[in-house]
Amino acid sequence: MEPRSVAIVGAAETTELGRIPGLSQIQLHADAALNAMEDCGLSPSDIDGVATAGEAPAAIAHYLGITPTWVDGTAVGGCSFMLHVRHAAAAINEGLCDVALVTHGESGRSRVGRGGFAGAPASLAGQYEAPYGLSGPPSMFTLGVLRYMKETGMTHEQLASVSVVQREWAALNPRSTFKDPITVDDVLNSRMIAYPFRLLQCCLVTDGGGALILVSKERARDFPTKPVYLLGTGESVETPMISQMEDMTTSRAFRVAGSRAFAEAGITHDDVDHVMIYDAFAHLPIYGLEDLGFVGRGEAGAFIEARNTAPGGPLPVNTNGGGLSYMHSGMYGMYALQESVRQMRGTAPAQVPDAKISVCHGVGGMFMASGTIIMTNE
Amino acid sequence: MADDYKGPVPVPTPETQDFWDGAKRGELRLQRCDDCSNVIFPARSFCPACACRSVSNFTASGKGKLYSYVINHRPPPGFGPDPHAIAIVELDEGPRMMTNIIDCEQTPEALVLDMPVEVAFTPITDEISLPKFRPVGG
């Protein structure tokens, strides 16, 4: 970091210290944050970066009404906040955000509303979602899809075509878990999991791993592999509670991350040769194509059904077979990144000829978070 | 009391206590910002739209419409063997909340998006009643 390039302009503690049984842990974060904003004359709408530990950055951002373009949840114990400050300086210098907020709050003594993981009985999700008979992501991530179908006219057959097309890609990949062709009828006759989602519209559950090594572009010349350059990046979070999305038919986090990445890369959608969209469930490529701007509102189902994203189509999507057919360990994003790298190196089993730009788009939680990485080999 | 309820039991925090006290009385409690009139749910002691720290609790109409849902065919332990709808209701006051739809067949034919619904509280412990919704006139 360039010396004197970043300064702390607002600082405050919670209104009270000591014993505060009247505030939950997340409210302690908010109280300190509001006090710091007051200290320097800012409001939540001025803030676009959030770093915290002990609570999730998405929980803090949404609680305060912030739409971040940068978050950091680095959690390394008591010195986490020093690291957050350092990361915030780097983020500001890099233009990932303009105003970063670092919060701490801990109901260490009174232990009020102290969660630690989503769904703890005193967390907001524990109070307002957990009691309604949830069975994990298949019964939650999918909750907005009937609304999407009503508003856009997407059919069950179009939604099923996502799984069919991705199975075609998977058939070209020797490492895919499932390779046998399937039809729309196969999808719509598979076991019901959470209406309108059936088994073949839900991701696999498998074991695996992956890793990436990144260096400067100068250093990259020293390696024997073909360099894959980062061309544009974006990130955002919305809410850890799917029921509290501002619109369950589109992801704000997708839109913020995607538009940021495209703007940074300085490209248009016509420049893109290859796309990965994290597909834990079949509606994610639908939401992703629309929220990233590849197609208009309500057009993605027909776009996929018409084989635009299939092998031989003009916009190859999820060319490894995706989480629906390739593999899904739980945190699938690494595998989407690996496939984008393979496509840019020219080594993918289902290689897109002459692909020069790949858009790799990930989701975190259930539309809670999003990250977009645009890569190029030029 | 629904002695057979085996699911997770909400634990109120200072900010949400009014909501759960209201639920026990059979009232759906929301908050309104004293400055910008934004309606807030879940409860907190400030407005996420304008950061005003002055908000007031009020009893909502309890009326809304069915916004979206899934029918969970693999109910978790404690929720019986039959498929049940996990629903999102959009309240007339604006906020949306997760809930279940009661007094209604748990089928796509019976669960019609945008149908009017009204709150009905289900006690699960002496202190906690869950807000659920049923079709109006159903």
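Since the model is a prediction, treat every value here as computed from it, not as a measurement. (Residues numbered from 1 in each chain as written. Chains lettered and ligands numbered in written order. Predicted model: local features only at pLDDT ≥ 70, side-chain atom pairs only at ≥ 80, totals over all residues. Heavy atoms only, no water.)

### Concerning the overall build of chain B
Operational definition: Segments assigned H or I by DSSP are reported as helices when at least four residues long, segments assigned E as strands when at least two residues long, and all are numbered from the N terminus. Within these notes, the globule rule equals 2.2 Å times the number of residues to the 0.38 power, and the radius of gyration is based on C-alpha atoms. Should any heavy atoms of two residues lie within 4.5 Å, those residues are considered in contact. Positive: Lys, Arg. Negative: Asp, Glu. His and the chain ends are not part of the count. Charge positions come from single atoms, namely NZ of Lys, CZ of Arg, CG of Asp or CD of Glu.
Helices and strands together make up the secondary structure of chain B, namely 1 helix and 8 strands. Along chain B, from the amino end to the carboxyl end, the secondary structure elements read α-β-β-β-β-β-β-β-β. Rg of the C-alpha trace for chain B: 16 Å, near the compact-globule value of 14 Å for 138 residues, within the 12% margin. Across its three principal axes, chain B shows a C-alpha extent of roughly 45 × 30 × 25 Å. For chain B, the proportion of contacts with a sequence separation of at least 24, taken over those separated by at least 6, is 50%. Chain B carries 13 positive and 19 negative side-chain charges, and their two centres are separated by 4 Å.

### Here we look at the domain arrangement of chain A
All names here are of chain A. Heads up, the condition is: Start and end points for every domain follow an automatic or database-based domain assignment. Once two parts are joined, some of their accessible surface, as seen by a 1.4 Å probe, is lost; buried area is that loss totalled over both. Salt-bridge detection follows one rule: a side-chain nitrogen of Lys or Arg within 4 Å of a carboxyl oxygen of Asp or Glu. Within 3.5 Å is the distance limit for a polar contact, defined as a pair of N or O atoms, with the added protein rule that one can donate a hydrogen and the other accept it, and that residues adjacent in sequence qualify only through two side-chain atoms. Polar here means any residue outside two lists: the nonpolar Ala, Val, Leu, Ile, Met, Phe, Trp, Tyr, Cys and Pro, and the charged Asp, Glu, Lys and Arg; Gly therefore counts as polar.
Per the domain assignment, the segments making up chain A are domain 1 (25-131) and domain 2 (139-376). Once you take the C-alpha centre of each, domain 1 and domain 2 turn out to be 29 Å apart. With 17 residues of domain 1 at the interface, the matching set in domain 2 holds 17 residues. Taken together, both faces of the contact between domain 1 and domain 2 bury some 1300 Å²; the carbon and sulfur share is 58%. Taken together, the connections running from domain 1 to domain 2 amount to 0 salt bridges. Remark: the boundary between domain 1 and domain 2 carries 7 residue pairs in polar contact (both at pLDDT 80 or more). Here the side of domain 1 that touches domain 2 is composed, by residue class, of 12 nonpolar, 4 polar and 1 charged.

### Re the nonpolar core
Stated precisely, the cut-off is as follows: Here, nonpolar core means buried Ala, Val, Leu, Ile, Met, Phe, Trp, Tyr and Cys residues that are tied together by side-chain atoms lying within 4.5 Å of each other. Think of it in three bands: residues with accessible area under 20% of the maximum for their type are buried, residues over 50% are exposed, and the middle band is partly exposed, with areas taken using a 1.4 Å probe on protein chains only.
Counting 128 residues, the largest nonpolar core has Leu64 and Leu289 of chain A as the members making the most contacts within it. Not counting residues within four places of it along the chain, the set of residues in contact with Leu289 of chain A comprises Ile277, Phe294, Val295, Ala300, Phe303, Ile304, Thr309, Leu315 and Val317 of chain A.

### Considering the packing of aromatic side chains
Operational definition: Any Phe, Tyr or Trp ring, taking Trp's six-membered ring, that has another such ring centre within 6.5 Å forms a pair; planes under 30 degrees apart are called stacked, those over 60 apart edge-to-face, and the others tilted. Ring-over charges, as used throughout, are those where CZ of Arg or NZ of Lys falls within 6 Å of the ring centre and within 35 degrees of the ring normal.
A full pass over the atoms with the stated rule returns 17 aromatic pairs over all chains. Pairing Phe262 of chain A with Phe294 of chain A gives two aromatic rings, centres 5.9 Å apart and planes at 75 degrees, and the pair type is edge-to-face. With a gap of 32 residues between them, Phe262 of chain A in helix H9 (residues 252-265) and Phe294 of chain A in the loop between helix H10 (283-291) and helix H11 (300-305) connect regions that are remote in the sequence. For Phe294 of chain A, a relative accessible area of 15% gives the class buried. Positioned above the aromatic ring of Phe58 of chain B, the side-chain terminus of Arg32 of chain B is 4.1 Å from the ring centre. Positioned above the aromatic ring of Tyr67 of chain B is the side chain of Arg96 of chain B, whose terminal nitrogen or guanidinium carbon lies 4.0 Å from the ring centre.

### Some words on a nonpolar patch on the surface
Residue and element names in this part refer to chain A. Short version of the rule: Patch membership requires over 30% relative accessible area and the absence of a salt bridge. Like charges are linked within 9 Å, and nonpolar side chains (Val, Leu, Ile, Met, Phe, Trp, Tyr) within 5 Å. Exposure was quantified through the Shrake-Rupley algorithm and a 1.4 Å probe, taking into account, for residues, occlusion by the shown protein chains and nothing else.
Taken together, Ile8, Val85 and Val102 make up a surface patch of nonpolar side chains, about 260 Å² in accessible area. With respect to the helices, strands and loops of the structure, Ile8 is situated in the segment before helix H1 (25-40). Overall, Ile8 belongs to the exposed group, its relative accessible area being 68%.

### With respect to the sheet that holds strand E3 (residues 55-59) of chain B
Residue and element names in this part refer to chain B. Our working definition: If DSSP finds at least two bridges between two strands, the strands pair.
Across the sheet, 3 strands lie side by side as E2-E1-E3; this open sheet has antiparallel pairing. For this open sheet the edge positions go to strand E2 (39-40) and E3, each flanked by a neighbour on one side alone. Across 2 bridges, the pairing between strand E1 (residues 29-33) and E2 is antiparallel. Counted as the bridge partner of Gln31 is Ile40 from E2.

### Description of the interface of chain B and chain A
Of the residues lining the interface, 47 residues belong to chain B; the matching set on chain A comes to 54 residues. Between chain B and chain A, roughly 4100 Å² of surface is buried when both sides are summed, and carbon and sulfur atoms account for 58% of that area. By the criterion of area lost to chain A, the three top residues of chain B are Arg53, Arg74 and Met98 of chain B, representing 16% of everything that side buries. Where chain B packs against chain A, one counts 4 salt bridges. A salt bridge links Glu38 of chain A to Arg53 of chain B; the shortest N-O distance between them is 4.0 Å. Counting residues per element, the side of chain B that touches chain A draws most heavily on strand E4 (residues 63-72) of chain B, at 8 residues. Its residues assigned to classes, the side of chain B that touches chain A comprises 30 nonpolar, 9 polar and 8 charged. Bridge analysis of strand E4 (residues 192-195) of chain A against E4 of chain B gives 2 bridges, and the strand direction is antiparallel.

### Structural notes on the domain arrangement of chain B
All names here are of chain B. Domain assignment breaks chain B into domain 1 (14-60) and domain 2 (61-138). Between the C-alpha centres of domain 1 and domain 2 the distance comes to 21 Å. Buried area between domain 1 and domain 2, both sides added, is near 1100 Å², and the carbon and sulfur share of it is 75%. Looking only at domain 1, the three residues that lose the most surface to domain 2 are Trp20, Lys24 and Leu28, adding up to 45% of its buried area. We note a salt bridge from Lys24 to Glu127, for which the minimum N-O separation is 3.3 Å. Linking domain 1 with domain 2 are 2 residue pairs in polar contact (both at pLDDT 80 or more). Listed by contribution, the elements that provide at least two residues to the side of domain 1 that touches domain 2 are helix H1 (17-25) and E3. The biggest single contributor to the side of domain 1 that touches domain 2 is H1, with 4 residues. Of the residues that constitute the side of domain 1 that touches domain 2, the class distribution is 9 nonpolar, 2 polar and 2 charged.

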